[in-house]
Amino acid sequence: MVNIGNDWDDLLKSTFESESYQQLRRFLITEYRTQTIYPDMYDIFNALRYTSFSDTRVVIIGQDPYHGAGQAHGLCFSVREGITPPPSLVNIFKEQLSDLGIDNTNCGGTLTSWAKEGVLMLNAVLTVREAQPNSHRGKGWEQVTDKIISLLNDREQPLVFLLWGGNARAKQALITNPNHLVLTCAHPSPLSAYNGFFGCRHFSKANEFLKQTGSQPINWQLPKRSGSL
């Protein structure tokens, strides 16, 4: 059974015991045995491991994991240590520099410090075949991640949901609690970033909302790598 190691275990117990999840699990066993799948099976639930339900303050929803070798490690938009930030993440850093004056361009692309700040970086689909984006779409992950979003929606403590691009905006129907702030815009991909992602100022807006509702703002500054100024 899945063992996340925090409050998500009790909250998702019935989901992980459901027949739909057991079907997904059987599918994944075959996929990991016969295909190259990302992320590593032990990293699938890292978003939940790094950011407990009770600690979540901001939710970023991605599509599915990076499908290149060595990139994905269970947090949307984040890559493993030592991997060059992909174009979408580079654009996220550009918007943060413009919005907050925070320069993360020489800090690598590993976003675990954001996760530990309370940013749940959740892909809608948690696994993918190598070089085949959306290859695990419709296999059962959506029921799991929709449940996660619904549980967060039901929370009284105000949260910020950042929905970038069409796949993420499709989840907006699950977020009905007026306590929460939902911010939507184009995806940070180079194909769409100039259509509304750049200039969205979502990072400062999120922090201002958190402060107004009694929460600590997110420290979006990534740790500096050794040797960087």
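This text goes with the structure placed above it.
Here's a quick rundown of the structure. (Residues numbered from 1 in each chain as written. Predicted model: local features only at pLDDT ≥ 70, side-chain atom pairs only at ≥ 80, totals over all residues. Heavy atoms only, no water.)

### Thoughts on the overall build of the protein chain
Then, number 1: A tally of regular secondary structure across the protein chain gives nine helices and six strands.
Then, number 2: By the compact-globule yardstick of 17 Å for 229 residues, the protein chain fits well, its C-alpha radius of gyration being 17 Å.
Then, number 3: Taken along the three principal axes of its C-alpha coordinates, the protein chain extends 45 × 40 × 35 Å.
Then, number 4: In the protein chain, buried positions account for 52% of the 229 residues.
Then, number 5: Within the protein chain, contacts between residues separated by at least 24 positions form 66% of all contacts whose residues are at least 6 apart in sequence.
Then, number 6: Approximately 10600 Å² of the protein chain is accessible, and the part contributed by carbon and sulfur atoms is 48%. (Helix = DSSP H or I, 4+ residues; strand = E, 2+ residues; numbered from the N terminus. Rg over C-alpha atoms; globule rule 2.2 N^0.38 Å. Buried < 20%, exposed > 50% of the residue type's maximum accessible area, 1.4 Å probe, protein only. Contact = heavy atoms within 4.5 Å. Areas by Shrake-Rupley, 256 points an atom, 1.4 Å probe, with all protein chains shown as cover.)

### Structural notes on the environment of Trp 164
Then, number 1: Inspection of the secondary structure assignment puts Trp 164 in strand E5 (residues 160-164).
Then, number 2: In this structure the C-alpha to C-alpha distance between Trp 164 and Thr 184, which are 20 residues apart in sequence, comes to 5.7 Å.
Then, number 3: Each residue touching Trp 164, except ones within four places of it in the same chain, is listed here: Ile 60, Phe 77, Ile 92, Cys 185, Ala 186, His 187, Pro 188, Phe 197, His 202 and Phe 203.
Then, number 4: Among the polar contacts listed, one links the side chain of Trp 164 to the side chain of His 202, at a separation of 3.0 Å. (Polar contact = N/O pair within 3.5 Å; in protein donor to acceptor, adjacent residues only side chain to side chain.)

### What to know about the packing of helix H5 (residues 87-100) against helix H9 (residues 202-212)
Then, number 1: It is at 8 Å that the axes of H5 and H9 come closest, and there the two elements cross at 60°. Classified by the angle between their axes, H5 and H9 sit oblique to one another. For the pair formed by H5 and H9, the contact residues are Ile 92, Glu 95, Gln 96, Asp 99 and Leu 100 on the first element and His 202, Phe 203 and Ser 204 on the second.
Then, number 2: Tallied by class, the residues present in the contact of H5 with H9 amount to three nonpolar, three polar and two charged. (Axes fitted to C-alpha atoms, helices over the stretch in contact; angles between N-to-C directions. Parallel < 35°, antiparallel > 145°, perpendicular 65-115°, else oblique. Nonpolar A, V, L, I, M, F, W, Y, C, P; charged D, E, K, R; others polar.)

### Overview of helix H7 (residues 141-153)
Then, number 1: For H7, built from 13 residues, the straight-helix expectation of 18 Å at 1.5 Å per residue is met to within 8% by its first-to-last C-alpha distance of 18 Å.
Then, number 2: Taken residue by residue, H7 has Trp 141, Glu 142, Val 144, Thr 145, Ile 148, Ile 149, Leu 151, Leu 152 and Asn 153 as its buried positions. (Expected span 1.5 Å × (residues − 1).)

### Some remarks on the pairing of E5
Then, number 1: Counting buried positions along E5 yields five of five residues, so the element is predominantly enclosed.
Then, number 2: What you see with E5 is no split at all: Val 160, Leu 162 and Trp 164 on one side and Phe 161 and Leu 163 on the other are buried throughout.
Then, number 3: Note: strand E2 (residues 58-62) against E5, four bridges, orientation parallel. Bridged to Val 59 within E5 is Phe 161.
Then, number 4: Looking at chain direction, E5 and strand E6 (residues 181-185) are connected through five bridges and run parallel. Bridging across to E6, Leu 162 finds its partner in Leu 183. (Pairing = 2+ DSSP bridges.)

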